[in-house]
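# Observations on the model geometry
Below, each chain spelled out in residue letters.
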Amino acid sequence: MNNPNHIGRKFSLAYRYKKEKLFRFYGLLASIIGLIFLVIFFSNLIGKGKGAFFQTQIKLNIDFSQEVIDPNRTGDKEEFLKANYGGILKDALLKRFPSVSGRKDTRSLKKIIGQGGIYKLSDLLQERPEWVGTSQEIWMIASDDIDMYIKGKISTDVPDDMRRVNDKQIEWIKQLERSGQLRTAFNAMFFTSADSREPEMAGIWGAVMGTTLTLLITLALSFPVGVMAAIYLEELSKKSRFTDFIEININNLAAVPSIVFGLLGLAVFLNVFHMPRSAPVVGGCVLALMTLPTVIIATRSSLRAVPPSIREAARGLGASNLQVVMHHVLPLAMPGVFTGTIIGMSRALGESAPLLMIGMVAFIVDIPVSFDDPATALPVQIYLWADSPEKAFVEKTAAGTLILLLFLILMNSLAVILRKKYEKKW
C-alpha cells in the first residue's frame with residue numbers, strides 16, 4: 001500500500017519546481033553541446049576553406065615578341081590566339097633563372113607556373129593588343145603545388161622524390177620571395193570562373209549561376225502549382241475519395257527519397273520529352289517535383305491556421321468562396337506560405353542525388369547564361385571537387401561548402417524577413 005506522505009511529497013510544489021529546474025538544465029546542456037559541435041564544424045570548415053580565397057602569384061617579365069605572336073604584322077587578334085604562349089612563358093622563366101639548364105630542370109621550372117598562365121597571356125593580348133612587341137611585368141598564377149607549399153600544406157620533412165615540390169623548386173621560390181616577386185593575393189578567379197581540371201583555375205561562379213537558374217525554374221513551377229493545389233484541397237474541394245487519394249499521395253511524396261525524383265526526371269524529362277541533359281531547366285523541373293509536397297503541406301497548414309471567423313465574416317458580407325480565399329484567407333496565410341516555400345527551396349538547394357541522375361554531374365567549364373545551357377549546381381560541384389585527388393581541391397571543397405551554407409543562411413533569413421513583414425495579428 002502506498003504511503004500517503006510519499007505521494008504528497010511526489011506531487012508537492014517544491015518537487016515539481018525541482019523537476020522543472022532539472023529539465024531546464026538538460027535543455028540548456030543540450031543547447032550548449034549542439035553549439036559546441038556547430039562551432040567545431042564551422043571552425044574546421046573555415047580553417048580548411050579559407051586558403052581557397054587566396055592564391056600565390058609570381059611576377060615575371062614577359063616578352064610579347066612580335067616575331068612569335070604576329071610575325072606577319074597583321075594586327076589580327078585571331079592570329080594572336082595561334083601564338084606559342086607556352087614558349088613565351090618558358091623564355092620568361094629561363095630569363096629570370098639563367099642558371100637553369102637541362103631538360104629535367106627546365107621541366108621543373110615550368111611547373112612553378114600554373115597551366116592557366118598560357119590562357120592568361122592569351123586573354124591579356126586580346127584585351128591589350130598594343131602590348132605586342134613590348135615587355136611587361138605580369139603577376140602570373142603559381143601552380144597548385146607551389147601554392148600548397150607556400151600555404152604550408154606540403155611538408156619538406158619527406159625525401160625529395162616523394163614530394164610534389166622538389167628542392168630546386170623550393171630554392172627558386174625562395175629567390176623569388178627575397179626579390180619581392182612572389183606574393184599571396186585575393187583569389188578573384190574563384191568567384192568569377194567555372195570549374196577546371198587545374199585547381200588554381202577552378203572557380204565557383206559557374207556552379208552559382210547553374211544553381212540560381214535551377215532554383216528559378218523550381219520556384220516558378222512549385223510555388224504557383226503548390227499554392228493552388230493547397231487552396232483547392234483545403235478551401236474549395238468537398239471531402240471525397242478522390243481528395244483523400246490526393247492527400248495520401250502528397251504526404252507519401254514528401255517522404256520519398258530524393259533520388260527517386262531523379263529517376264523520374266531521367267525517365268520522363270530526358271527519355272520521353274527529350275529535354276536537354278545537364279541543363280537548369282531539367283534540374284528545376286526535377287527539384288520542383290520534389291519541392292511540391294513541402295509547399296502544399298506548408299500552405300495547407302497556413303490556411304488552416306486562419307481563424308474561421310475571418311471566413312464567416314466575409315461570407316456574411318456576400319463574398320463568394322473564391323473571394324473569401326483570395327481576398328481574406330490567403331493574404332493572412334502568406335507568411336506561412338512564404339516560409340514553407342523557402343524551406344522547400346532550401347532543401348532543393350542542398351540536393352545532389354536527383355541532379356546526378358539527370359547528368360548535372362558533367363564537367364562544365366563554361367558559365368551558363370540561359371536555362372538550356374549545360375550547367376552544374378553547388379552540391380554537385382562540391383561532390384566533384386571532393387572526389388578529385390589533388391590536394392588543392394580539399395580547400396576548394398571546404399570553400400564551396402561555405403558558399404553553399406551562405407546561400408542557405410540567406411534563404412532562411414529571407415523566410416524570416418518575409419514572415420515578419422507580412423505577419424498579421426488578430
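Going by the structure above, here's the rest.
Presented here is an overview of the structure given in this document. Remember, it's a predicted structure, so these values are computed and weren't measured experimentally.

## Some words on a nonpolar patch on the surface
- On the surface, Leu-22, Phe-25, Tyr-26, Leu-28, Leu-29, Ile-32, Ile-33, Ile-36, Phe-37 and Ile-40 cluster together to form a nonpolar patch covering roughly 970 Å² of accessible area.
- Among the structural elements, Leu-28 can be located in helix α2 (residues 13–49).

## Things to note about the sheet that holds strand β1 (residues 54–63)
- Strand order across the open sheet formed by 3 strands is β2-β1-β3, with antiparallel pairing between neighbours. Bordering the open sheet on either side are β2 (135–141) and β3 (182–186), each of which pairs with just one other strand. Shown here is a sheet whose adjacent strand axes are inclined to one another by a mean of 40 degrees, direction ignored.
- Note that β1 and β2 share 7 bridges and pair antiparallel. Across the sheet, the residue bridging to Leu-60 is Ile-138, located in β2.
- Packed onto the sheet, helix α5 (residues 85–96) meets β1 and β2 and runs at close to 90 degrees relative to β1.

## Digging into the pairing of β1
- Pairing geometry for β1 and β3, over 5 bridges, is antiparallel. For Phe-54, the partnering residue across the bridge sits in β3 and is Phe-186.

## Considerations on the layout of surface pockets
- Space inside the largest pocket adds up to approximately 660 Å³.
- Forming the walls of the largest pocket are 28 residues, and the residues nearest its centre are Arg-107, Ser-108, Lys-110, Lys-111 and Gln-169.
- Breaking the lining of the largest pocket down by element, the ones donating at least two residues are α5, α6 (103–110), α8 (144–150) and α9 (167–178).
- Considered class by class, the residues forming the lining of the largest pocket number 5 nonpolar, 8 polar and 15 charged.
- Roughly 420 Å³ of internal volume is contained in the second largest pocket.
- Taken together, 13 residues form the lining of the second largest pocket, with Tyr-119, Lys-120, Asp-123, Met-189 and Met-201 sitting closest to its centre.

## Observations concerning the nonpolar core
- Core analysis: the largest hydrophobic core is formed by 56 residues, its most contacted members being Leu-355, Ile-358 and Leu-378.
- Those elements giving two or more residues to this core turn out to be α11 (205–236), α13 (258–270), α14 (280–305), α16 (321–349), α18 (378–386) and α19 (392–422).
- Sort the elements by how many residues they give to this core and α16 lands first, with 13 residues.

## What about the pattern of salt bridges?
- Evaluation of the coordinates by the stated rule reveals 18 salt bridges.
- The residue Glu-79 makes a salt bridge to Lys-82 at a minimum N-O spacing of 3.4 Å.
- A salt bridge links Lys-153 to Glu-395, with the nearest nitrogen and oxygen atoms 3.7 Å apart. In this pair, Lys-153 is assigned in the loop between α8 and α9 and Glu-395 in helix α19, connecting sequence segments 242 residues apart.
- On the accessibility criterion, Lys-153 (38% relative accessible area) is partly exposed.
- Glu-395 gets classed as buried once you look at its relative accessible area, which sits at 4%.

## Here's the deal with the environment of Asp-244
- As for its position among the elements, Asp-244 is in helix α12 (residues 241–253).
- For Asp-244, a relative accessible area of 27% gives the class partly exposed.
- The sequence separation of Asp-244 and Gln-66 amounts to 178 residues, and the corresponding C-alpha distance is 78 Å.

## Comments concerning the packing of α13 against α14
- The interhelical angle for the contact between α13 and α14, taken along N-to-C directions, is 130 degrees, at an axis separation of 9 Å. As summarised for this structure, α13 and α14 are arranged oblique, according to the angle between their axes. Like other packed secondary-structure pairs, α13 and α14 cross with a definite hand, here right-handed. Counted together, Ser-258, Phe-261, Gly-262, Leu-264, Gly-265, Phe-269 and Leu-270 of α13 and Val-282, Cys-285, Val-286, Leu-289 and Met-290 of α14 form the full contact between these two elements.

Criteria and thresholds
- Residues numbered from 1 in each chain as written.
- Predicted model: local features only at pLDDT ≥ 70, side-chain atom pairs only at ≥ 80, totals over all residues.
- Heavy atoms only, no water.
- Patch = residues over 30% accessible without salt bridge, like charges linked within 9 Å, V, L, I, M, F, W, Y side chains within 5 Å.
- Areas by Shrake-Rupley, 256 points an atom, 1.4 Å probe, with all protein chains shown as cover.
- Salt bridge = Lys/Arg side-chain N within 4 Å of Asp/Glu carboxyl O.
- Helix = DSSP H or I, 4+ residues; strand = E, 2+ residues; numbered from the N terminus.
- Pairing = 2+ DSSP bridges.
- Axes fitted to C-alpha atoms, helices over the stretch in contact; angles between N-to-C directions.
- Contact = heavy atoms within 4.5 Å.
- 1 Å grid on protein atoms, 1.4 Å probe; cavity = no way out; pocket = protein on both sides within 12 Å on 5 of 7 lines; lining within 4 Å.
- Points joined across faces, edges and corners; volume = space filled by probe spheres on them.
- Nonpolar A, V, L, I, M, F, W, Y, C, P; charged D, E, K, R; others polar.
- Core = buried A, V, L, I, M, F, W, Y, C linked by side-chain atoms within 4.5 Å.
- Buried < 20%, exposed > 50% of the residue type's maximum accessible area, 1.4 Å probe, protein only.
- Parallel < 35°, antiparallel > 145°, perpendicular 65-115°, else oblique.
- Left-handed = near helix turned anticlockwise from the far one by under 90°.

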